[in-house]
Amino acid sequence: MIAVRELTKLYGHTPALDRLSFEVRPGVVTGFLGPNGAGKSTTLRILLGLHRPTSGEALIGGRPYRRIRRPLHEVGAVLDADAAHPGRTARHHLDCLARTNGIGRARVAAVLAEVGLAAVADKRVGGFSLGMRQRLGIAGALLGDPGVIVLDEPVNGLDAAGIRWIRSTLRSLAAQGRTVLLSSHLMSEVALTADRVLILGRGRLLDEISVADLPVRGATLEDVYLRLTGEAAEFRAVPR
Amino acid sequence: MTLFLDVAAAEWMKLRTVRSTYAFLAGAVTATLAGMLILLLMVRAFDADTLADRAAYETADPTVVVMPFVAFFVGAIGAMMVTSEFTTGSVGPALLAVPQRRLLLGAKAALAGAVGGVGGLVFALLAVSGAMLLLGDRPAPLNPWHAWTDAVPTVLTAAAGVLVTACVGLGLGAVLRSTASALLTLGGLVLVAPVLAHFLPVTWQLRFGSVLLPNLPAQLAGADHPYLLSPAGAAAVMALYVAAALGAGAAAFRQRDAT
């Protein structure tokens with residue numbers, strides 16, 4: 001369970017998050033949708049202890065991420081595809097992460113096979129395509145078999161087969177009762193993968209939607225999203 | 001304690017699995033070999049000179065020439081333990097795996113100290129052993145040691161100097177986050193500042209030179225040197241360098257947003 005309460009973040013005098021509150025429940029895939037500059041990545045970075053909030057709190061399982069001992073067993077996350085040393089092999093990258101959390105090398109080999117990187121496990125990451133680096137990031141997130149999965153734009157750079165693989169993996173993880181939070185700016189992808197969608201604009205929660213209810217409302221996710229974010233978008237094209 | 005050991009083991013694995021570590025070690029080996037070459041030329045010149053000219057020779061302690069370069073290259077490994085993670089983005093996964101930043105930096109500092117101490121010891125031993133072979137039974141003032149036991153303080157304090165420099169490198173890396181900035185600053189402290197000190201008036205040259213990193217090991221050993229610190233004073237200044245660098249590094253690493 002993820003709980004974000006009254007989260008505010010200022011960069012200098014510029015607000016990135018403005019008293020943002022939401023919860024992410026286990027057993028479903030929750031999409032985190034918003035235009036550029038809405039505060040999605042900032043929220044995830046605070047949630048994962050990489051940034052400090054100006055005020056408010058972001059908790060996973062009732063605790064701030066920084067207080068979790070050996071967190072890879074509880075939370076798996078991918079925030080950036082370019083997050084491995086390019087001179088290190090994929091196996092060594094995962095070995096280094098696994099060692100800090102008491103995870104064995106057999107598990108490293110298993111997740112490399114699971115994400116389809118077993119054949120290139122001993123190649124340097126610098127030679128990987130963007131899609132392969134995304135898969136490596138996901139392998140890192142799965143290392144500790146965690147109950148909470150947080151992914152920021154995971155389908156960037158993936159081919160059609162990779163996108164389908166991510167979609168089915170996330171849905172299967174949620175079906176096992178895990179908490180899955182998927183941040184994306186791709187509405188079609190979120191509509192296909194998520195059960196619930198949190199729509200963010202200018203650092204605030206604009207709405208919380210159940211994807212299953214959209215046909216009842218007679219609207220697509222795109223309709224709802226554009227209506228909600230139209231006023232909140234940081235940068236908007238001027239119509240001709 | 002188990003968690004600290006696991007994090008330190010992971011840091012050791014990180015260090016072993018990137019090529020830059022070996023490139024910096026190769027730099028230290030090259031500096032040691034260059035020092036031996038200089039010593040060989042000095043020994044040949046000594047042999048060719050008259051007895052009167054030989055008396056004017058300076059002591060051929062190779063650590064004076066070699067160890068500042070060794071300290072720079074090993075210190076660079078300490079700096080890269082932090083800066084390479086910021087420049088490649090791998091600090092993200094590192095902090096997701098170990099979000100307790102004090103613990104992560106502590107493990108890095110322990111490893112930087114160990115690599116600095118062991119690396120310094122190995123290179124100081126190589127330099128001193130090579131010098132003993134080249135000097136043979138040639139007399140003072142060229143030969144700084146009557147017996148091998150006389151060289152022990154030189155070797156140990158030289159290793160301590162590299163240990164301190166590696167910790168300073170790590171602290172600089174944590175504060176500056178950029179490899180280029182950290183290595184430039186480290187090079188300035190270890191290699192450039194002693195040269196600049198020579199341009200100062202003598203009184204200031206001695207005051208300033210006494211607290212510079214490359215001049216501390218000789219003062220710690222209580223060897224024959226022109227500087228002002230006692231061995232205890234040199235030890236205190238070395239401890240201050242470590243405390244200041246790691247303290248500033250820890251404050252920056254803990255307080256600032258990571259990416």
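Rules used throughout
Residues numbered from 1 in each chain as written. Chains lettered and ligands numbered in written order. Predicted model: local features only at pLDDT ≥ 70, side-chain atom pairs only at ≥ 80, totals over all residues. Helix = DSSP H or I, 4+ residues; strand = E, 2+ residues; numbered from the N terminus. Rg over C-alpha atoms; globule rule 2.2 N^0.38 Å. Contact = placed C-beta atoms within 7 Å. Nonpolar A, V, L, I, M, F, W, Y, C, P; charged D, E, K, R; others polar. Domains from an automatic or database assignment. Buried ≥ 20, exposed ≤ 12 C-beta atoms within 10 Å, placed from the backbone. Pairing = 2+ DSSP bridges. Right-handed = clockwise from strand over helix to strand, strands pointing away. Axes fitted to C-alpha atoms, helices over the stretch in contact; angles between N-to-C directions. Parallel < 35°, antiparallel > 145°, perpendicular 65-115°, else oblique. Left-handed = near helix turned anticlockwise from the far one by under 90°.

Trainee: Which residues make up the overall build of chain A, and what are the values?
Mentor: In terms of helices and strands, chain A carries eight helices and nine strands. Over its C-alpha trace chain A gives a radius of gyration of 18 Å, about what one expects of a compact globule, namely 18 Å for 240 residues. The dimensions of chain A, computed from C-alpha atoms along their principal axes, are 50 × 40 × 35 Å.

Trainee: Would you mind going over the interface of chain B and chain A in detail, with residue names and values included?
Mentor: Listed by partner, the interface residues are 25 residues for chain B and 31 residues for chain A. Of all the secondary-structure elements, those providing two or more residues to the side of chain B that touches chain A are α1 (2-16), α4 (62-88) and α5 (91-97) of chain B. It is α1 of chain B that provides the largest number of residues to the side of chain B that touches chain A, a total of seven residues. Taken together, the residues that form the side of chain B that touches chain A break down as 13 nonpolar, eight polar and four charged.

Trainee: Can you lay out the domain arrangement of chain A for me, pointing to particular residues and giving the numbers?
Mentor: Residue and element names in this part refer to chain A. In terms of domain boundaries, chain A breaks down into domain 1 (1-74 + 147-240) and domain 2 (85-145). One C-alpha centre belongs to domain 1, the other to domain 2, and the line joining them spans 25 Å. With ten residues of domain 1 in contact, the opposing surface of domain 2 contributes eleven residues. Residues that form the side of domain 1 that touches domain 2 fall into these classes: four nonpolar, four polar and two charged.

Trainee: Describe the pairing of strand β6 (residues 148-152) of chain A, listing the residues and the values that go with them.
Mentor: Residue and element names in this part refer to chain A. Counting buried residues in β6 gives five out of five residues, a clear majority hidden from the surface. On β6, burial covers both faces: Val148, Val150 and Asp152 on one face and Ile149 and Leu151 on the other are all buried. Examined bridge by bridge, strand β5 (residues 75-78) and β6 share four bridges and lie parallel to one another. The residue bridging Val78 from the neighbouring strand is Leu151, located in β6. The sheet contact formed by β6 and strand β7 (residues 179-184) spans five bridges and is parallel. Residue pairing for β7: Ile149 is matched across the bridge by Val180. After leaving β6, the chain enters helix α5 (residues 160-175) and then returns to the sheet as β7, a path that is right-handed.

Trainee: Requested: an account of the environment of Ser188 of chain A, with residues and values cited.
Mentor: Position of Ser188 of chain A relative to the elements: it lies in helix α6 (residues 187-193). Spatially, the C-alpha atoms of Ser188 of chain A and Gly76 of chain A are 24 Å apart, while their sequence positions differ by 112 residues.

Trainee: Explain the sheet that holds β5 of chain A to me, and be specific about the residues and the numbers.
Mentor: Each strand in a sheet pairs with its neighbour through backbone hydrogen bonds, running either in the same direction (parallel) or in the opposite one (antiparallel). Residues and elements named next belong to chain A. Taken in spatial order, the six strands of this open sheet run β5-β6-β7-β3-β8-β9, and their pairing is mixed. Two strands in the sheet have a free side with no partner beyond their single neighbour: β5 and β9 (204-210). Pairs of neighbouring strands in the sheet enclose a mean axial angle of 15 degrees, with direction left out of account. Across the face of the sheet, α5 comes into contact with β3 (29-33), β6 and β7 while running at roughly 150 degrees to β7.

Trainee: Go over the packing of helix α2 (residues 90-100) of chain A against helix α4 (residues 130-142) of chain A, please, and point to the residues and values.
Mentor: Residue and element names in this part refer to chain A. For the pair α2 and α4, interaxial distance at closest approach is 10 Å and the crossing angle is 25 degrees. Overall, the two elements α2 and α4 adopt an arrangement that is roughly parallel. Along this stretch, α2 crosses α4, giving a crossing that reads as right-handed. Of the residues in α4, those touching α2 at Ala90, His93, Leu94 and Leu97 are Leu136, Ala139 and Gly140. Counted by class, the contact of α2 with α4 contains five nonpolar, two polar and no charged residues.

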